[in-house]
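Residues per chain are reported as follows:
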Amino acid sequence: MSQVRIYQPTKNAMQSGRATLSTWVLEYEPAAAKRADPLMGWIGSDDTKGQVKLRFKSRDEAVAFAKSNDLDYTVSVPKVRQVKPKDYSANFAYDRIR
């Protein structure tokens, strides 16, 4: 049986958008360690499943796929982001904590 990980990707630090955060990713765990090629020094592996990333619209779809294909899976639940809305004038408030 193959081991897979189901998670929700984090926001890219280079972009301000949050559109890709609604997807869930199923990714295979590495079956073998990567090794350096003796001639060229490139890092590689014989495990081709490491290149596979499947995207789903919900966590339930990803779990259903893993169950239907007899995959051992672990689900990583993301931390919920707390947004504290404030306006620009809050930076100059008298009772602001320093």
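Per chain, residues are indexed from 1 in the order of the written sequence. Note on the predicted model: pLDDT of at least 70 is required for a residue's local features to be given, and 80 or more for side-chain atom pairs to be given and counted; whole-chain, interface and lining totals, by contrast, use all residues. Heavy atoms throughout the structure, all of them, feed into the side-chain values; hydrogens and water do not.

(A) Fine view of the packing of aromatic side chains. Any Phe, Tyr or Trp ring, taking Trp's six-membered ring, that has another such ring centre within 6.5 Å forms a pair; planes under 30 degrees apart are called stacked, those over 60 apart edge-to-face, and the others tilted. Enumeration according to the criterion identifies 2 aromatic pairs in this entry. Aromatic side chains Phe56 and Phe65 sit 5.5 Å apart centroid to centroid with 45° between the ring planes, which places their arrangement in the tilted category. Think of it in three bands: with a 1.4 Å probe and only protein chains considered, a residue is buried below 20% of the maximum accessible area for its type, exposed above 50%, and partly exposed in between. Classification of Phe65 by relative accessible area gives partly exposed; the value is 28%. Arranged with centres 5.4 Å apart and planes meeting at 70°, the rings of Tyr88 and Phe92 form a pair that is edge-to-face. Accessibility assignment for this pair places Tyr88 and Phe92 in one class, exposed. We call a charge positioned above a ring when the Lys NZ or Arg CZ atom is no farther than 6 Å from the ring centre and deviates by at most 35 degrees from the ring normal. The positively charged end of Arg5 is found above the aromatic ring belonging to Tyr7, 4.2 Å away from the centroid.

(B) Quick look at a nonpolar patch on the surface. On the surface, Leu39, Met40 and Trp42 cluster together into a nonpolar patch covering about 430 Å² of accessible area. Runs of H or I in DSSP of at least four residues are treated as helices and runs of E of at least two as strands, each being numbered from the N terminus. Its location among the elements puts Leu39 in the loop between strand 3 (35-36) and strand 4 (43-44). In this scheme, patches are assembled from residues that exceed 30% relative accessible area and form no salt bridge. Like charges are connected within 9 Å, while nonpolar side chains (Val, Leu, Ile, Met, Phe, Trp, Tyr) are connected within 5 Å. For the area figures, the Shrake-Rupley method with a 1.4 Å probe applies, and any residue is considered shielded solely by the protein chains shown. By definition here, a salt bridge exists when the distance from a side-chain nitrogen of Lys or Arg to a carboxyl oxygen of Asp or Glu is within 4 Å.

(C) Up close: the pairing of strand 1 (residues 3-7). DSSP calls a pair of strands paired once it identifies at least 2 bridges connecting them. Inspection of the sheet shows strand 1 paired to strand 6 (residues 72-76) by 5 bridges, in the parallel sense. What sits directly across from Ile6, in strand 6, is Val75. As paired elements, strand 1 and strand 2 (residues 24-28) share 4 bridges and run antiparallel to each other. Its bridge partner lying in strand 2, Arg5 is registered against Glu27.

(D) Inspection of the pattern of salt bridges at higher detail. Tallied over the entire structure, the rule returns 4 salt bridges. The residue Arg5 makes a salt bridge to Glu29 at a minimum N-O spacing of 3.8 Å. Within this pair, whereas Arg5 is found in strand 1, its partner Glu29 is found in the loop between strand 2 and strand 3, the two being separated by 24 residues in sequence. Shared partners join several salt bridges into a network, and the residues in it are Arg5, Glu27, Glu29 and Lys53.

(E) Expanded view of the side chain of Glu27. Mapped onto the elements of the fold, Glu27 is located in strand 2. Note on contacts: a residue pair is in contact if any heavy atoms of the two residues lie within 4.5 Å. Once you skip the residues sitting within four places of it in the chain, Glu27 turns out to touch Val4, Arg5, Tyr7, Val52 and Lys53.

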